[in-house]
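Below, each chain spelled out in residue letters.
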Amino acid sequence: MSVELTAAQDVEMFTPSLSSQQQRELAERLTTFLSQFSHLSDSFIIEFFTEDLWHTLPSSWQPVLQDLSYPQIADLLLDATHGDRRYPSVWPLSLLAFRATAHALAFPRDCRRERGRTPGSVKPEEFQENQSQSSLLGHIFRKHVKPKKQHEIRKLGTLVKQLCDQTDCSRVVDVGSGQGHLTRFLSFGLGLTVTAIEADHTLVAVASRFDGQLLWALEKEKQKKNCSFQLPTSQSFPRHVAGWVNPKASWEAFIKQLSTADSSSEAPPTPSGPSKKRLRSSEHRRGRPREVQTHGSTDSDGQSRDSESSSQHQLSGRTSEEQTSSGDCCSCLQPVCPEPVHPEENSLPGYPDFVLTGLHACGDLSATLLRHFVSCPHVRGITSVACCYMKITTKENPAPPGLVEPPAPLTPGQEPVPSEFGYPMSSWVRGLSGHQLSYKAREGACHAVEDYVRRLREESELLRTHCYRATLETFIRDTRPDLRRAGIQTIKKAHLLPFTEYARLGLARVGLPPELPLDPERVETMLRQQGRVVVYFSLALLLAPVVETLVLLDRMIYLQENGVDSQLVALFDPNFSPRNFVLVALKPRE
């Protein structure tokens, strides 16, 4: 079965899922609900004791929530699909309404094709035989790639190919391309002409090197099978551009950047073997590229993109059974070659049309790509997978922590457009009372609800870490009242440590004496409230999908205001890839 034929089975046709009026009404309900419970979404769990967060809950909620077991928290609060709810006591109507409204307003996160998964299974069906290798992705595209990213590049690549077919467009621009894993699948696996742009020069160099390794694998396969097929030509190689996409630059500047920015290498990679010695010497000759901050090169889990190589049945994702039954070794080795790029097309007036994609484009980058899609006549369609909502700029928070600044001043010709924030994008949401989303609310929207539900049902020891940190916060503030929410970062296997050892390590990280006296009785009193800490965190986590829904709905309304219908597709398995929504849009034919 070819990749092109499987695309229609993975996603729905691109039709708007909500009418314009329905979108606006939903946005009103979302802002009303979230503004009513902003004290939950804006709270920091490490302040559970210092701000007495438990007693900020309605008094009628406290007695029914404080004695819930961890599996009951999962079943009765967080899992919207759980059908057999057995309450240990009578819940107040306000709590039932809160839970029901949160579930009703959030976009469904379950992937339609994954609803029949094996109960208790974490990974998608494609990883049931081998936990680290997708059975649906050719082995050359699995090299260097973690399972989560294998799942993502296969499903998103297939969707991009379908969008290209619908727009009669064979060119793709992959923004925030990282190590080029999605880029290689689009180019070598699906036959598309791809330009990849990434801010980190080091990652661009790695992507080019991995392209060469893929070619080498194809050449070795050709020799082993004694087949005659043409390797991809240099003109059909994906083009890797090192450059930072400035949110304040015009679409003309973006196109010029794609056309004229220097590539990471002077020539396409040659099919050389992946010898570590050869790679090290090659890097030494080139000199290590300077480090710059990445912009959209990693997802919320810090995983980068990658890929791999073999024969064409593996390029197209055919299963081992299909490979055996085909019986043709030579014909299926031929790689899919994209249409050659002609130099004369790299000028702004005649720049070719393309589809824009970004896999987990960080913060404002996703909003920037949508603006370019709306404004630039060369962009025919877009697939946008967002992440890192806390790094989105807002009027109230124009410079959030982690915001990526340009590595260099704008070059001549990059005239900035009027400053626009990442949220809200639409005029409609901007005009709604209570539409504001705090940094903490947006940070919470990046949490993996499914993963936390799994921890609750397993009664994992990991659940104690929030209580540990909240307890430590009280002693930090006793000593240094001005030191609020100090960044301790992750302490390795904190849940397995006694609190005294955890505190010793944490205090040292904030510049306090590691042997600071801790009142044992007071420590024990707080640690006994771990159940309350988990319940409170779960209540805030219940709002995370609602916040994400509002951010993504705002983008859909923005597109609608600019004459473009869109659809939000739960493309990835949320148990495997928490930021699993892709916003899909294509411009109407003229």
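Rules used throughout
Residues numbered from 1 in each chain as written. Predicted model: local features only at pLDDT ≥ 70, side-chain atom pairs only at ≥ 80, totals over all residues. Heavy atoms only, no water. Helix = DSSP H or I, 4+ residues; strand = E, 2+ residues; numbered from the N terminus. Buried < 20%, exposed > 50% of the residue type's maximum accessible area, 1.4 Å probe, protein only. Contact = heavy atoms within 4.5 Å. Areas by Shrake-Rupley, 256 points an atom, 1.4 Å probe, with all protein chains shown as cover. Salt bridge = Lys/Arg side-chain N within 4 Å of Asp/Glu carboxyl O. Pairing = 2+ DSSP bridges. pLDDT = per-residue confidence, 0-100. Core = buried A, V, L, I, M, F, W, Y, C linked by side-chain atoms within 4.5 Å.

With respect to the overall build of the chain
When helices and strands are tallied, the chain shows 22 helices and seven strands. Across the 590 residues of the chain, 54% fall into the buried class. Within the chain, counting contacts between residues at least 6 apart in sequence, those at least 24 apart form 78% of the total. Entry remark: accessible area of the chain is about 25,600 Å², with carbon and sulfur atoms responsible for 51%.

Regarding the pattern of salt bridges
Counting across every chain of the model gives 24 salt bridges. A salt bridge links R184 to D211; its shortest N-O distance comes to 2.8 Å. With R184 in helix α8 (residues 181-189) and D211 in helix α9 (residues 201-225), the pair connects residues that are 27 residues apart, well separated along the chain. Judged on exposure class, the residue R184 and its partner D211 are both buried.

Notes on the pairing of strand β7 (residues 581-586)
The buried count for β7 comes to five of six residues, which makes it a mostly enclosed element. Both strand β5 (residues 379-387) and β7 contribute to a ladder of four bridges, which runs antiparallel. Paired with S384 across the strands is L583, a residue of β7. Judged from the five bridges that link them, strand β6 (residues 566-570) and β7 form a sheet pairing that is antiparallel. Residue pairing for β7: A570 is matched across the bridge by F581.

Overview of the environment of V510
Along the chain, V510 falls in the loop between α19 (499-509) and α20 (520-527). The class of V510 is buried, set by a relative accessible area of 13%. Residues V510 and I476 lie 34 residues apart in sequence; the distance between their C-alpha atoms is 8.6 Å. The contact partners of V510, leaving out residues within four places of it in the chain, are I476, L483, A486 and I488.

Looking at the confidence of the model for the chain
Residues with a pLDDT of 70 or more make up 72% of the chain, whose mean pLDDT is 79. The weakest mean pLDDT in the chain belongs to helix α12 (residues 312-315) at 30; the strongest belongs to helix α21 (residues 530-542) at 98. Segment residues 113-120 is flagged for pLDDT under 50; beyond a separation of four residues in sequence, or across chains, it makes 13 contacts in the model. Counted against residues more than four places away or in other chains, residues 274-335, with its pLDDT under 50, gives 166 contacts.

Brief notes about unusual backbone geometry
Cis geometry is adopted by the peptide bond preceding P424, which originates at Y423 and carries an omega value of -10 degrees. With respect to the helices and strands, the residue P424 is situated in the loop between β5 and α15 (427-430). In this structure, D52 takes a positive phi of about 50 degrees despite not being glycine. Considering the arrangement of structural elements, one finds D52 in the loop between α3 (38-41) and α4 (62-65). D52 sits in the partly exposed class, given a relative accessible area of 39%. One non-glycine residue, E459, adopts positive backbone phi at about 50 degrees. Position of E459 among the secondary structure elements: in the loop between α17 (449-458) and α18 (465-479).

A few points about the nonpolar core
L65, F98 and L539 are the most contacted members of the largest nonpolar core, which totals 118 residues. With 11 residues, helix α22 (residues 544-561) is the largest single contributor of residues to this core. Aside from chain neighbours lying at most four places away, what touches L539 is L40, L57, W61, L65, L77, L95 and F98. The next biggest cluster of nonpolar side chains, apart from the first, holds 28 residues, and it includes F141, L192, V194 and L359.

Remarks on α8
Summarising burial for α8: nine of the nine residues are buried, a large majority. Within the sequence span of α8, burial applies to H181, L182, T183, R184, F185, L186, S187, F188 and G189. After α8 finishes, the residue G191 shows a positive phi value of roughly 75 degrees.

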